[in-house]
Amino acid sequence: STPIKSSAASDVYKRQMLKQSWGVTDRDSADEALNELLESAKESGSAWDYSRAESNLGFYYLADYYTEKEALDKALEVAKEIQSTFESWDSFVQSYLEGYEAGSGDTSGDREEIYENLKACQWNPYSVSWNTKLKKNW
């Protein structure tokens, strides 16, 4: 099935957000911002940086800076790196929360509560094994 793409007005909003938040205005600046995040993630071992890289890939697709395949291929590559860097969902989320606090200067209590609530819910996305083999299916 073909994913539903956002409207042209929504694409403009995504591009404005990427420009304001990341200085991303085209494919080259998208690549540059992504590479900086991934370098920082590797140096610091920060799930916060890895998470922002994965999030940006989705926005790059929605803003038409990456094709769907390019965004998915890169997201899979980053996910495999994440999986080899952390040992569990809990260790990943702990690193994410620490990185969020350091980067934002805010407390992560609300985000930690969301994680705990998700783990306790019937549709817990974290019930998927951390060691699931990540593979391309598109």
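Just so it is clear, the structure is predicted and the values come from calculations on it, not from any experiment.

Undergrad: Mind laying out the packing of aromatic side chains, listing which residues take part and the relevant values?
TA: All told, the structure shown has nine aromatic pairs when counted by the stated rule. Plain terms: the ring middles of phenylalanine 86 and phenylalanine 92 are 5.4 Å apart, the flat faces sit at 85° to each other, and that makes the pair edge-to-face. Residues phenylalanine 86 and phenylalanine 92 agree in their burial class; the two are buried. Seen in terms of ring centroids, tyrosine 115 and tyrosine 126 are 4.7 Å apart; in terms of plane orientation they differ by 80°. Their pairing is edge-to-face. On the criterion of sequence distance, the pair formed by tyrosine 115 in helix α6 (residues 109-120) and tyrosine 126 in the segment after α6 is long-range, its members being 11 residues apart. Using a relative accessible area of 24% as the deciding quantity, one classes tyrosine 126 as partly exposed. Following the ring pairs from residue to residue traces out a cluster consisting of Tyr50, Phe86, Trp89, Phe92, Tyr115, Tyr126 and Trp130.

Undergrad: Before we move on, can you summarise the environment of glutamate 68 with the specific residues and values?
TA: Its location among the elements puts glutamate 68 in helix α4 (residues 68-85). Classification of glutamate 68 as partly exposed rests on a relative accessible area of 35%. The spatial distance from the C-alpha of glutamate 68 to the C-alpha of alanine 8 is 16 Å, given a sequence separation of 60 residues.

Undergrad: So, a negative patch on the surface: which residues are in play, and what are the values?
TA: On the surface, a cluster of negative charge is made up of Asp26, Asp28, Glu32, Glu36, Glu39 and Glu43. With respect to the helices and strands, aspartate 28 occurs in helix α2 (residues 27-44).

Undergrad: Explain the packing of helix α3 (residues 47-62) against helix α5 (residues 89-104) residue by residue, including any values.
TA: For the pair α3 and α5, the least separation of the axes is 7 Å and the interaxial angle reads 90°. By the angle between their axes, α3 is roughly perpendicular relative to α5. Along the contact surface, α3 presents Ala47, Trp48 and Ser51, while α5 presents Phe92, Ser95, Tyr96, Gly99 and Tyr100.

Undergrad: Any details on helix α1 (residues 8-22)? Residues and values, ideally.
TA: Spanning 15 residues, α1 covers 21 Å between terminal C-alpha atoms, matching the ideal 21 Å at 1.5 Å per step. Among all positions in α1, only Asp11, Lys14, Met17 and Leu18 are buried. The arc enclosing the buried residues of α1, seen along the axis, measures out at 120°, which places them on a common side. In α1, the exposed positions angled more than 90 degrees off the buried face are occupied by Ala8, Ala9, Tyr13, Lys19 and Gln20.

Thresholds applied
- Residues numbered from 1 in each chain as written.
- Predicted model: local features only at pLDDT ≥ 70, side-chain atom pairs only at ≥ 80, totals over all residues.
- Heavy atoms only, no water.
- Phe/Tyr/Trp six-rings, centres within 6.5 Å; stacked < 30°, edge-to-face > 60°.
- Buried < 20%, exposed > 50% of the residue type's maximum accessible area, 1.4 Å probe, protein only.
- Helix = DSSP H or I, 4+ residues; strand = E, 2+ residues; numbered from the N terminus.
- Patch = residues over 30% accessible without salt bridge, like charges linked within 9 Å, V, L, I, M, F, W, Y side chains within 5 Å.
- Areas by Shrake-Rupley, 256 points an atom, 1.4 Å probe, with all protein chains shown as cover.
- Salt bridge = Lys/Arg side-chain N within 4 Å of Asp/Glu carboxyl O.
- Lys, Arg positive; Asp, Glu negative; His and termini not counted.
- Charge placed at Lys NZ, Arg CZ, Asp CG, Glu CD.
- Axes fitted to C-alpha atoms, helices over the stretch in contact; angles between N-to-C directions.
- Parallel < 35°, antiparallel > 145°, perpendicular 65-115°, else oblique.
- Contact = heavy atoms within 4.5 Å.
- Expected span 1.5 Å × (residues − 1).
- Arc of directions from axis to C-beta.

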